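Examination of the molecular architecture
If you want the building blocks of each chain, they are given just below.
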Amino acid sequence: MRVRVQQAAFDAGAELNAFSAGHSDVGAIVSFTGIVRDIHGGLVRMEIEHYPGMTERAITEFADHARARWGLVDLLIIHRHGPLPVGAPIMMVATAAAHRGAAFEAAEFLMDYLKSRAPFWKKEVTGEGAAWVAATDADEDALGRW
Amino acid sequence: MIDVLYFAWLRERIGLPMERIETSAATVRDLVEELRRREDRYALAFSDTAALRVALDQELAEFDAPLAGVREVAFFPPMTGG
């Protein structure tokens, strides 16, 4: 299990290949990569603030939960902070399990928790100024299904 | 002495990321009341605690949680990771 919170960019393809290598007991690997997208037009960059210490702690806690609940063989979580340009990868989750059902579900669970329970805050910077991204009820409701 | 941390728009409104304060507040809610009374910028930042979250020693907590033995309190808006 690897959890990385970093400012540096990462290569999602290389990360996935490294994660996939060397498992003979895995039938399914699911990965998700989140990208900075320009929803309304005019986004200059995204800035992500985090709470050093609590971030790693919170992620490790729900990653441990996912590993036990879905019997994952391995998992990888990378989440960036700092200024990120449009099109850059923000975060990545990969799960490895015997079967795809567990790998998909665990990846979705981890995504939902990363969104609402890991202490990151997104700010969108446009030519007009900067605005903090508001959490939505849908994000919070998504936790209810787990 | 207790370390109080602020993140995101709360940090911007208060104007600092962290401060060490002397308090006899028994609960998070008492601490919030104490901060509100300090200055307008605190009163404004803490005007609606329903819009805020709190962590005690880096674990999410409720506003009625006791502060006894706590070294670090963090206030922030709902998280937006992923």
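It should be noted that the structure appears before, not after, this text.
The structure contained in this document is the topic of the report that follows. Keep in mind that what you see is a predicted model, and the values were worked out from it rather than measured. (Residues numbered from 1 in each chain as written. Chains lettered and ligands numbered in written order. Predicted model: local features only at pLDDT ≥ 70, side-chain atom pairs only at ≥ 80, totals over all residues.)

Summing up its helical and strand segments, chain A has four helices and eight strands in all. Listing every helix and strand of chain A by position from the N terminus yields β-α-β-β-α-β-β-β-α-β-β-α. Once the C-alpha set of chain A is aligned to its principal axes, its extents read approximately 50 × 35 × 30 Å. Relative to all contacts within chain A whose residues are 6 or more apart in sequence, the contacts with residues 24 or more apart total 76%. (Helix = DSSP H or I, 4+ residues; strand = E, 2+ residues; numbered from the N terminus. Contact = placed C-beta atoms within 7 Å.)

What follows is about the overall build of chain B. Looking only at helices and strands, chain B has three helices and five strands in total. Going residue by residue from the N terminus, the α and β elements of chain B occur as β-α-β-α-α-β-β-β. Compactness check: chain B gives a C-alpha radius of gyration of 12 Å against a globular reference of 12 Å for 82 residues, within 12% of the reference. Taken over the C-alpha atoms alone, chain B extends approximately 30 × 30 × 20 Å along its principal axes. Burial statistics for chain B: of 82 residues in total, 26% are counted as buried. Taking the contacts inside chain B whose residues are at least 6 apart along the sequence as the reference set, 52% of them involve residues at least 24 apart. (Rg over C-alpha atoms; globule rule 2.2 N^0.38 Å. Buried ≥ 20, exposed ≤ 12 C-beta atoms within 10 Å, placed from the backbone.)

What follows deals with the interface of chain A and chain B. Contacts between the two partners involve 21 residues from chain A and, on the opposite side, 13 residues from chain B. Counting residues per element, the ones that place at least two in the side of chain A that touches chain B are helix 2 (54–69), helix 3 (100–117) and strand 7 (120–126) of chain A. Taken together, the residues that form the side of chain A that touches chain B break down as twelve nonpolar, four polar and five charged. (Nonpolar A, V, L, I, M, F, W, Y, C, P; charged D, E, K, R; others polar.)

A few words now on the pairing of strand 3 (residues 53–56) of chain B. Residues and elements named next belong to chain B. Of the two faces of strand 3, the one lined by Arg53 and Ala55 is fully buried and the one lined by Val54 and Leu56 carries no buried residue. Note that strand 3 and strand 5 (residues 72–76) share four bridges and pair antiparallel. The partner of Arg53 across the bridge, within strand 5, is Phe76. When strand 3 meets strand 4 (residues 59–61), the two strands line up antiparallel, connected through three bridges. (Pairing = 2+ DSSP bridges.)

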